[in-house]
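For reference, the chains in residue letters:
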Amino acid sequence: MSNITFTMIKPDAVANGHIGNILNHITTAGFKIVAMKYLHLSTEKAGEFYGIHRERPFFNDLVSFMTSGPIVAAVLQKDNAVADFRTIIGATDPKKADAGTIRNLYADSIEANAVHGSDSDENAANEASFFFSAFERY
Ligand code: IDP
Ligand code: MG
């Protein structure tokens, strides 16, 4: 499974009209979309997805933000997908993200940072399964 990663285009980027630009950035970088959907997370689902951050001070704000509007969820395939995707999205805080990265180009703040990207192969597999059943994945 080392060739897949999971992403979300977060509510800020959807609301600001960046879905098309971000998907173009992703596919131009060599990622193939193998699953994709547009949906609005419930508080329960967002809390479950970010459960590893439950003890962090920003957890409640993060769940509020992630439920503030619709998102795009997708599974992406490429050699070295997890690490290469982290490179093209840039640092968590867009002010620290390298020039030309997705967060540098499209994010507003450390919380409203435009996109999610998995941080390990194990989490990529778990996050992909959280959003997509086997028959929803190409
Ligand atoms: P990552 O998305 O770059 O992997 P994580 O540390 O896993 O960053 O944090 C998950 C998400 O929580 C971030 O993408 C961001 O939306 C939010 N977040 C992280 N750190 C902060 C913070 O210090 N304040 C507010 N929100 C934060
Ligand atoms: Mg993370």
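Scroll up for the structure.
Each value, and the rule that gives it
Residues numbered from 1 in each chain as written. Chains lettered and ligands numbered in written order. Predicted model: local features only at pLDDT ≥ 70, side-chain atom pairs only at ≥ 80, totals over all residues. Heavy atoms only, no water. Helix = DSSP H or I, 4+ residues; strand = E, 2+ residues; numbered from the N terminus. Pairing = 2+ DSSP bridges. Axes fitted to C-alpha atoms, helices over the stretch in contact; angles between N-to-C directions. Salt bridge = Lys/Arg side-chain N within 4 Å of Asp/Glu carboxyl O.

In this structure, Ser133 sits in the segment after α7 (121-131). Measuring from C-alpha to C-alpha, the distance between Ser133 and Ala35 comes to 9.7 Å, with 98 residues separating the pair along the chain.

The strand order β2-β3-β1-β4 describes an open sheet built from four strands, whose pairing is antiparallel. A single partner strand is all that each edge strand has here, and the edge strands are β2 (32-39) and β4 (115-117). The average undirected angle you get between the axes of adjacent strands in this sheet is 15°. Bridge count between strand β1 (residues 4-9) and strand β3 (residues 71-77): six bridges; the pairing is antiparallel.

This paragraph deals with the pattern of salt bridges. Two side chains carrying opposite charge are able to pair once their charged atoms lie near each other. Taken as a whole and judged by the stated rule, the model has three salt bridges. The shortest N-O distance in the salt bridge between Glu136 and Lys37 comes to 3.4 Å. Of this pair, Glu136 sits in the segment after α7 while Lys37 sits in strand β2, placing them 99 residues apart in sequence.

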